[in-house]
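Residue-level structural notes
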Amino acid sequence: MKIGISCYPTYGGSGVVATELGKNLARLGHEVHFMAYALPYRLKDFSDRIFYHEVKVINYPLFDYPPYSLALATKMAEIARYQQLDIVHAHYAIPHAISAYLAREMIKAYHPLKIVTTLHGTDITLVGRDPSFLDVTKFSIDQSDAVTAVSRYLRDRTIETFHPNRPIEVIYNFIEDHPDHLRKCEKLLQRIAPHGEKVIAHLSNFRPVKRVVDVIEVAYRVKQQMPVKVLMIGDGPERSRAESRARELGIAQDVYFLGKQDDVYLLLSSADIFLMPSELESFGLAALEAMVCGVPAITSNAGGLPELVKEGISGYTVPVGDVERMSEIILALFQDPARLERLSQSARQYALDNFHVDKIIPQYIQLYENVLSR
Ligand code: GMT
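Please read all numbers here as calculations on a predicted model, not as lab measurements.

1. Let's talk about the site of the ligand
Around the ligand, the surrounding shell holds 18 residues, and the nearest of these are Ser-14, His-120, Arg-207, Lys-210 and Glu-281. Within the side chain of Asn-173, an N or O atom sits 2.9 Å from an oxygen atom of the ligand. Arg-207 is positioned with one of its side-chain polar atoms (N or O) 2.8 Å from an oxygen atom of the ligand. In isolation the ligand offers 480 Å² of accessible surface; the protein chains occlude 95% of this area. Of all the cavities here, the one that holds the ligand is the largest pocket. The residue makeup of the shell around the ligand, split by class, is five nonpolar, ten polar and three charged. Of the residues that make up the shell around the ligand, three or more belong to each of domain 1 (2-174 + 356-372) and domain 2 (181-355).

Okay, here's the thing in structure tokens:
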């Protein structure tokens, strides 16, 4: 098959899933064309079956808001028509699914194009439900040839909010297994935890929905009982608030704000616990990435997280904002190394058994085949 993929190229789960999907489709012999305004950040290695088409938006003084969706639709139409794409797979409804609809209409006299849309979370739960986007988001879902959601939670919210005229299929996010996922960054650990101090990691885009300040609150409480170090991976609007809270609580020397990082697996695998206290999370890809590194996830019980974090198997879930409970769970694990080790192994196994790439990619391929046979 020839598949076009459009996604956000920056640091964020939807772009990571789209990129890894494209790489795996290419590995299986399909031809993949990425369309985005920058090179997706995990699309580094060369493959003769992967093509990247940059979407440029001209800048004109009249435009207070350069119309990216239109430039994307134009690029999609051009690539679909001249590269004979079978499908455009839009990751995150806004604006990718809408641009795909426009592209399909533009070329329908020359080339049939199918649209698959994958909903990732905030395109439904935050942005898409805002009155300024609600109708166009519903339209893009209804006009897609197939729609998937990354969790049952997200599927149910989509149905509740948009009453779509088509079924929404749940296809979970996925991870690969790689020996490197178990490799700790010894250099880093020697520097930050030279006496074997326990390490908590957090990875996100530091948006308010991630509640990064809760990570600091938890670290402070754990530190009252035993030494602990924290790796804060990523960057975003709440970073300064978290930094300043760490200073206020007197634990700034134990919290390492690493900013955006490429090799997240190396950092995640260096931790003992992954902490994701999000207000809302449709799936929680970073928690899955930690689990495959053998790092159990302590998360809030929001959104789709309980579909991923199984109590006592891959981690524990706690009500949003309950930093006391999160700290108690982490302390209990840190004080019982044998239990932590068992949880580490079962978290990794759970991730591999349920979310391995070889289990999930065939579901997308089957979906593409169904769409093309209609
Ligand atoms: O969480 C974000 O702000 C990023 C967003 C994205 O589109 O990259 O993440 C969403 O998609 C991820 C991949 O499917 C999911 O793992 C995240 O849970 C989801 N974020 C939210 O629902 C807040």
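Read on for the rest.
2. Things to note about the nonpolar core
Residues Phe-274 and Leu-288 are the most contacted members of the largest nonpolar core, which totals 79 residues. The biggest single contributor to this core is helix H15 (residues 357-373), with eight residues. Every residue in contact with Leu-288, bar those within four places of it in the chain, is listed here: Asn-173, Phe-174, Ile-175, Phe-283, Leu-308, Ala-351 and Phe-355. In this structure, Phe-206, Val-215, Val-222 and Val-230 belong to the second largest nonpolar core, which totals 33 residues.

3. Thoughts on the packing of helix H8 (residues 212-223) against helix H9 (residues 239-248)
For any two helices packed against each other, one specifies the crossing angle of their axes together with the interaxial distance. Between H8 and H9, the least distance of the axes is 8 Å, while the angle of their chain directions is 20°. Here H8 is positioned roughly parallel relative to H9, judged by the angle of their axes. Note that H8 runs across H9; the crossing there is right-handed. Facing Val-212, Val-213, Ile-216 and Glu-217 of H8, the residues of H9 in contact are Arg-241, Ala-242, Arg-245 and Ala-246. Counted by class, the contact of H8 with H9 contains five nonpolar, no polar and three charged residues.

4. Brief notes about the layout of surface pockets
For the largest pocket, the calculated volume is near 980 Å³. Surrounding the largest pocket, 41 residues form its lining, Gly-12, Gly-13, Thr-122, Asn-205 and Arg-207 being those nearest its centre. Breaking the lining of the largest pocket down by element, the ones donating at least two residues are helix H1 (13-27), helix H3 (93-107), helix H4 (122-125) and helix H11 (285-292). If you tally residues by element for the lining of the largest pocket, the top one is H1, at four residues.

5. What to know about the sheet that holds strand E1 (residues 2-6)
Reading across from one edge, E3-E2-E1-E4-E5-E6-E7 is the order of the seven strands in this open sheet, with parallel pairing throughout. Each of the sheet's edge strands pairs with one partner strand only, and the pair in question is strand E3 (50-54) and strand E7 (168-170). Taking the axes of each pair of neighbouring strands and ignoring which way they run, one obtains an average angle of 25° across the sheet. Sheet strands touched by helix H6 (residues 152-162): strand E5 (114-119), strand E6 (146-149) and E7. Its angle to E7, the strand with the most contacts, is close to 165°. Across the sheet, H15 is in contact with E1, strand E4 (87-91), E5, E6 and E7; its angle to E5 comes to roughly 145°.

About the thresholds
Residues numbered from 1 in each chain as written. Predicted model: local features only at pLDDT ≥ 70, side-chain atom pairs only at ≥ 80, totals over all residues. Heavy atoms only, no water. Near = heavy atom within 4 Å. Polar contact = N/O pair within 3.5 Å; in protein donor to acceptor, adjacent residues only side chain to side chain. Areas by Shrake-Rupley, 256 points an atom, 1.4 Å probe, with all protein chains shown as cover. 1 Å grid on protein atoms, 1.4 Å probe; cavity = no way out; pocket = protein on both sides within 12 Å on 5 of 7 lines; lining within 4 Å. Sits in = over half its atoms within 2 Å of the grid points. Nonpolar A, V, L, I, M, F, W, Y, C, P; charged D, E, K, R; others polar. Domains from an automatic or database assignment. Core = buried A, V, L, I, M, F, W, Y, C linked by side-chain atoms within 4.5 Å. Buried < 20%, exposed > 50% of the residue type's maximum accessible area, 1.4 Å probe, protein only. Helix = DSSP H or I, 4+ residues; strand = E, 2+ residues; numbered from the N terminus. Contact = heavy atoms within 4.5 Å. Axes fitted to C-alpha atoms, helices over the stretch in contact; angles between N-to-C directions. Parallel < 35°, antiparallel > 145°, perpendicular 65-115°, else oblique. Left-handed = near helix turned anticlockwise from the far one by under 90°. Points joined across faces, edges and corners; volume = space filled by probe spheres on them. Pairing = 2+ DSSP bridges.

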